[in-house]
Amino acid sequence: MTRLRLDGLGKRFGDVDAVKDLDLDVAEGSLVALLGPSGCGKTTTLRMIAGLESPTEGDILFDEESVLATPPEKRGIGMVFQRYVLFPHMSVAKNVSFGLRMRGVDRAEIDRRVAEVLEVVQLTGFGQRFPSQLSGGQQQRVAIARTVITEPRLMLMDEPLSNLDAKLREEMRAFITRLQRQLGITTVFVTHDQVEAIELADRIGVMFDGELVQVGTPEEIFNRPRTLRVADFMGTTNLIRGRLADVGAAGATLVTDVGAIRVAPADHLRTGAEATATVRPEHIDLLPRDDATGLPGRIVESVYYGGTLAYRVALGDLVLQVRDRSTRRFGDGEEVSVRIAPHHVWVFPEA
Amino acid sequence: MIRQRRRGLGDRDRLGPFGRFYLTVVVGMVLGPFVPLVIGSFAFRWTWPDLLPSRWWWEARATARLPQGWDYVFSPISRVVESTGNTILIAILVTLLCAAISLPAARVLAKERFRGKSFVEFFLLTPLIVPEIAVGLGILVTFIQLGLAGTYWGIILVHLIPTIPYMVRVLTSVFQGLSDDYEEQARVLGASPLRTLWHVTLPMILPGLVAGGLFTFLISSNIFLLTFFIGGGRIETLPTLLFSRVSGGGALDAVAAGVALIVCIPGIVLLVITERFIKEEVFAKGFGG
Ligand SMILES: Nc1ncnc2c1ncn2[C@@H]1O[C@H](COP(=O)(O)OP(=O)(O)OP(=O)(O)O)[C@@H](O)[C@H]1O
Ligand SMILES: [Mg+2]
């Protein structure tokens, strides 16, 4: 098992900063997801780790040893590309055994390990087929088999599931998690899908415009985003502007046009500061109007949405998105009481 | 995509009436010119306005003073066998050298951007623009000084002049269609650059390489003027031999017709081989998918 460390990594293409001053520490055997919108530099970062692109700044260390001078074939890594890139002129078995053949492993051993790994990816009996005779999901599993068979010290995956349909994607996600846990290979997984990142990763690194904005556990990124942009990218849709008051050990109050919202204590809160609070739709509770603990609101619209009810609730001029899992149902136009638990409110001071 | 295409193959030979007519015309136009050659090669006397020879080769065989048609072609004095050997040997070496020179050049032209690239691309085409006779005369002087005139290597070198532009063009477009991903994947899987070339790049560009090689072989085995200048009569290939027969005898006699048919053989054989090869070996395995 290998620890991967990126130290101030940067890459310029002409006058484009594809990756800027990126620090990342990936613990032995863990899976880190690089998450970010298209063009934020995820692939470039992965290619630098693989040795397919040379950084213009910074260092890449495997077990605290710089690999910058090591060519890709000597880094002992495995990489699964965005498109599976199976060699079309080779059978499945030949594709899978490619890495072993390049390492000069003897034939009996190769045959044994190919059979073994094809069983793991549930493609026993497909060895003699050619890639063009496989479905997308099967091709993807061949690509993964081809990578894990060499027992790489580090596995890099570049949106390996983006070409699959939703159901297959879920199966493959579970499959990758199982495989990675079982083999304990340190893995960097690139994706622009936050659900995928949350489900797969031990830790998530969120990237915007070539910069790593926040690194943390899925729970941290999800519930305590560091910037408004991260919050937005992680699917928070409710933004409430206001001014902070009563900052103290017990938390603070955000005074808004629609009323006062209590906020959990945090270091960065300053009395009198303009701030924007974010609340996830599923963290807002709707109660009947006779409950006095919440803010007064009115249901604008309700939609049944896969096991939950999605409401749009108006508080004065402000419209909040609310997801309610309870069985109680409010009708359109009904007056309600809107309650937000302080620890679910995340406040960003105005820049 | 490949699978769908394969499923459609069953319908391939169903031609409409117009398709049939069109095919007949094309085949007629391609094969038509060969008919007089074939008949002529078997003739002893064939004069205008007879539609067929008045006397055939085998009828005159016992009485004729000179060997006729195919007898002559297969006799050592005709130098047909020798020139066929020369033609094939030279064409093979030219093809191999041409591929070896064009591969790296095409790769760079397809994948890299650099200053003066469009000039290099234009420069590579100039041999096709400058008349062969100008090139031949110019080079002959230099080659005489270098002692390359009248040698195999001299001929092989001049044959590279008109063939490299074709090969580079073909391979450049092949490389443009080949995504870098495959080579990068091979490297990541532990293949050195050389083994990547051998195990991944070459097999993947093989159809293009075969097509380019076929062109090169055919061009080389058909070059007359440059071979004539540099070979200087010492090294005879099929085109120069045919020329000497035609210019010597004036009209198309049985011997010239026979030689002319022999000249076609290397190309036809090669075409049949490579056509089968491209279809069965390469496309069967799902190339380009
Ligand atoms: N070879 C290159 N030359 C010039 N610019 C490049 C090159 N490769 C990437 N870039 C630029 O670097 C930036 C980051 O690209 P990258 O491919 O790393 O994005 P990404 O996060 O993987 O995006 P996606 O999710 O769309 O795959 C982009 O602005 C891209 O245009
Ligand atoms: Mg990418």
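Please refer to the structure higher up on the page.
Here the structure is a predicted model, which is why all the values come from computation and not from measurement.

Visitor: Any chance you could break down the interface of chain A and chain B for me, citing the residues and the numbers?
Guide: Opposite the 28 residues of chain A that make contact, chain B presents 24 residues. Both sides of the chain A and chain B interface together cover about 2,400 Å² of buried area, and 60% of this is carbon and sulfur. Scanning the region where chain A abuts chain B turns up three salt bridges. The salt bridge partner of Glu73 of chain A is Arg187 of chain B, with a shortest N-O separation of 2.7 Å. Our enumeration of links across chain A and chain B arrives at nine residue pairs in polar contact (both at pLDDT 80 or more). At the level of elements, helix 1 (42-50), strand 6 (77-80) and helix 2 (92-102) of chain A are the ones that each hand at least two residues to the side of chain A that touches chain B. Ranked by residues supplied to the side of chain A that touches chain B, first place goes to helix 2 of chain A with four residues. Looking at the side of chain A that touches chain B, its residues break down into 17 nonpolar, five polar and six charged.

Visitor: Account for the pattern of salt bridges, naming residues and giving values.
Guide: Residues and elements named next belong to chain A. Applying the stated criterion to the full structure yields 28 salt bridges over all chains. With a closest N to O distance of 3.9 Å, Glu211 and Lys20 form a salt bridge. Placement of the pair is Glu211 in strand 10 (residues 211-216) and Lys20 in strand 2 (residues 16-26), with a sequence separation of 191 residues. With a shortest N-O distance of 3.1 Å, Glu116 and Arg112 are connected by a salt bridge. Highlighted residues: Glu116 and Arg112, both in helix 3 (residues 107-120), separated by four residues, approximately one helical turn. Overlapping salt bridges, with partners in common, bring together Arg3, Arg5, Asp25 and Glu64 in one network.

Visitor: Provide a residue-level description of the nonpolar core, including the pertinent values.
Guide: Grouped together as the largest cluster of nonpolar side chains are 73 residues, with contacts concentrated most on Leu4, Phe98 and Leu156 of chain A. The element that contributes the greatest number of residues to this core is helix 9 (residues 152-177) of chain B, accounting for nine residues. Not counting residues within four places of it along the chain, the set of residues in contact with Phe98 of chain A comprises Phe87 and Met90 of chain A together with Ala186, Leu189, Ala191, His199 and Val200 of chain B. Ranked by size, the runner-up nonpolar core spans 43 residues in total, among them Val114, Val121, Val142 and Met155 of chain A.

Visitor: How would you sum up the site of ligand 1? Please name residues and give values.
Guide: Residues and elements named next belong to chain A. In the vicinity of ligand 1, the contacting residues are Phe13, Ala18, Ser38, Gly39, Cys40, Gly41, Lys42, Thr43, Thr44, Gln82 and Glu159. Take Ser38: an N or O atom from its side chain is 2.5 Å from an oxygen atom of ligand 1. Within the backbone of Cys40, an N or O atom sits 3.2 Å from an oxygen atom of ligand 1. Relative to its unbound accessible surface of 630 Å², ligand 1 loses 61% to contact with the protein. Considering every element that reaches the shell around ligand 1, the biggest residue donor is helix 1, with three residues. Class assignment of the residues belonging to the shell around ligand 1 gives a composition of three nonpolar, six polar and two charged.

Scoring rules and cut-offs
- Positions within a chain are numbered from 1, following the residues in the order the chain's sequence is written.
- Each chain is given a letter, starting from A, and each ligand a number, starting from 1, according to the order in which they appear as written.
- With pLDDT at 70 or above as the cut-off, local features in this predicted model cover only qualifying residues; side-chain atom pairs require 80 or more to be listed or tallied, and sums for whole chains, interfaces and linings still use all residues.
- In computing side-chain values, all of the structure's heavy atoms are included and hydrogens and water are not.
- In what follows, a contact means two residues having at least one pair of non-hydrogen atoms within 4.5 Å.
- When two components associate, each loses some accessible surface as probed by a 1.4 Å sphere; the sum of these losses over both components is called the buried area.
- The rule for a salt bridge is simple: a side-chain nitrogen of Lys or Arg has to be within 4 Å of a carboxyl oxygen of Asp or Glu.
- Polar contacts here mean pairs of N or O atoms no more than 3.5 Å apart (in protein, one a potential hydrogen donor and the other a potential acceptor; neighbouring residues in sequence count only if both atoms are side-chain atoms).
- Where helices and strands are cited, they refer to DSSP runs of H or I of at least four residues and of E of at least two residues respectively, numbered from the N terminus.
- Throughout this entry, Asp, Glu, Lys and Arg are counted as charged residues, while Ala, Val, Leu, Ile, Met, Phe, Trp, Tyr, Cys and Pro are counted as nonpolar. The remaining residues, Gly among them, count as polar.
- As used in this record, nonpolar core signifies buried Ala, Val, Leu, Ile, Met, Phe, Trp, Tyr and Cys residues forming a set joined through side-chain atoms within 4.5 Å.
- Here's how the labels work: a residue is buried when its accessible area is under 20% of the maximum for its type, exposed when over 50%, partly exposed in between, all with a 1.4 Å probe on protein chains only.
- Throughout this document, a residue counts as near a molecule or strand when at least one of its heavy atoms sits within 4 Å of that molecule or strand.
- Methods summary: accessible areas were calculated by the Shrake-Rupley approach with a probe of 1.4 Å, and residue burial reflects only the protein chains presented.

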